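The residues making up each chain are set out below.
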Amino acid sequence: MQYLNSLLFGVYPYVALAIFFIGSWLRYDHAQFTWKTGSSQMVSKSGMRLASNLFHVGILVIFFGHLVGLLTPSWVYEPFMSAGTKQIMAIAVGGVAGIMCWIGSFLLLKRRLTDPRVRATGSAADTLVIAILWVQVTLGLLTIFASLGHLDGSVMKQLSYWAQAVVTFQGNPAVHIEGVSFIYKLHIFLGISIFVIFPFTRLVHVWSAPLEYMTRRYQLVRKRG
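Here we summarise the structure given alongside this text. (Residues numbered from 1 in each chain as written. Predicted model: local features only at pLDDT ≥ 70, side-chain atom pairs only at ≥ 80, totals over all residues. Heavy atoms only, no water.)

### Comments concerning unusual backbone geometry
Here phenylalanine 169, not a glycine, exhibits a phi torsion of approximately 55 degrees, which is positive. Relative accessible area serves as the criterion here: at 67%, phenylalanine 169 is assigned to the exposed category. Positive phi, normally seen in glycine, also occurs at asparagine 172, with a value near 45 degrees. Among the structural elements, asparagine 172 can be located in the loop between helix 7 (154–167) and helix 8 (182–197). (Buried < 20%, exposed > 50% of the residue type's maximum accessible area, 1.4 Å probe, protein only. Helix = DSSP H or I, 4+ residues; strand = E, 2+ residues; numbered from the N terminus.)

Laid out in structure tokens, this is it:
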């Protein structure tokens, strides 16, 4: 069991990250015409605005919440708040964002499966990605119930130590989460697996976030005479 834990949470993360970065680079270099969101909004706008907004706002809050929450060393926040306080904040903010993302991804998945025009123009990979993200958000929401059983922040610290050990290339990061609940490990495993499928799906459009729009010059648009 210890060997499996080390394989899944000590070795697999690095395999996934290698596929994530190298695969994304190769796809951009050799298949730029496939580098797109594959949006179905032009095919059918029914329910798209609500579902898409809920999904994207929710998943952005979740992503940056995980990024800051897991990778911020404890000595940075401990002068201002305890680990328990940080965990309660994570439960509150992550819970609201998780529900938004869950509803949005469910509506998007339902639309992909039930709208004939969207289903006909989409691909199995598009539907699979949304389904995986919906399952991942579901698992994330389920971890809240486990977190309510230990509000001292001890498990959150274990998860942070694991994430920080992975990104700083420390030896055998899996030791930090040996004793955590199965629901956390399942959530982490699926999260790592998303990095594996990332370069081969529409998820690559995340790399092309239009940040330059924030600094570009204004464009004047006039009606035709």
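More follows now that the structure is in view.
### Points about the packing of helix 4 (residues 83–114) against helix 7
Relative to each other, helix 4 and helix 7 sit at 85 degrees, their axes nearing to 8 Å. In terms of orientation, helix 4 lies roughly perpendicular with respect to helix 7. Together, Ala83, Lys86, Gln87 and Ala90 of helix 4 and Ser154, Met156, Lys157 and Ser160 of helix 7 make up the contact between the two elements. (Axes fitted to C-alpha atoms, helices over the stretch in contact; angles between N-to-C directions. Parallel < 35°, antiparallel > 145°, perpendicular 65-115°, else oblique. Contact = heavy atoms within 4.5 Å.)

### Things to note about the packing of helix 1 (residues 2–30) against helix 7
Between two packed helices, both the angle of their axes relative to each other and the distance between the axes serve to describe the pair. Two numbers describe how helix 1 lies on helix 7: the axes approach to 10 Å, and their chain directions differ by 50 degrees. It follows from the interaxial angle that helix 1 and helix 7 lie oblique. Helix 7 is crossed by helix 1, and the crossing has right-handed handedness. Together, Phe9, Pro13, Tyr14 and Leu17 of helix 1 and Trp162, Ala165 and Val166 of helix 7 make up the contact between the two elements. (Left-handed = near helix turned anticlockwise from the far one by under 90°.)

### What to know about the layout of surface pockets
Its volume calculated, the second largest pocket comes out at about 190 Å³. Together, Met1, Leu4, Asn5, Leu8, Phe9, Phe182, Lys185, Leu186 and Phe189 line the second largest pocket. Listing elements by their share of the lining of the second largest pocket, those giving two or more residues are helix 1 and helix 8. Partitioned by chemical class, the residues of the lining of the second largest pocket number seven nonpolar, one polar and one charged. (1 Å grid on protein atoms, 1.4 Å probe; cavity = no way out; pocket = protein on both sides within 12 Å on 5 of 7 lines; lining within 4 Å. Points joined across faces, edges and corners; volume = space filled by probe spheres on them. Nonpolar A, V, L, I, M, F, W, Y, C, P; charged D, E, K, R; others polar.)

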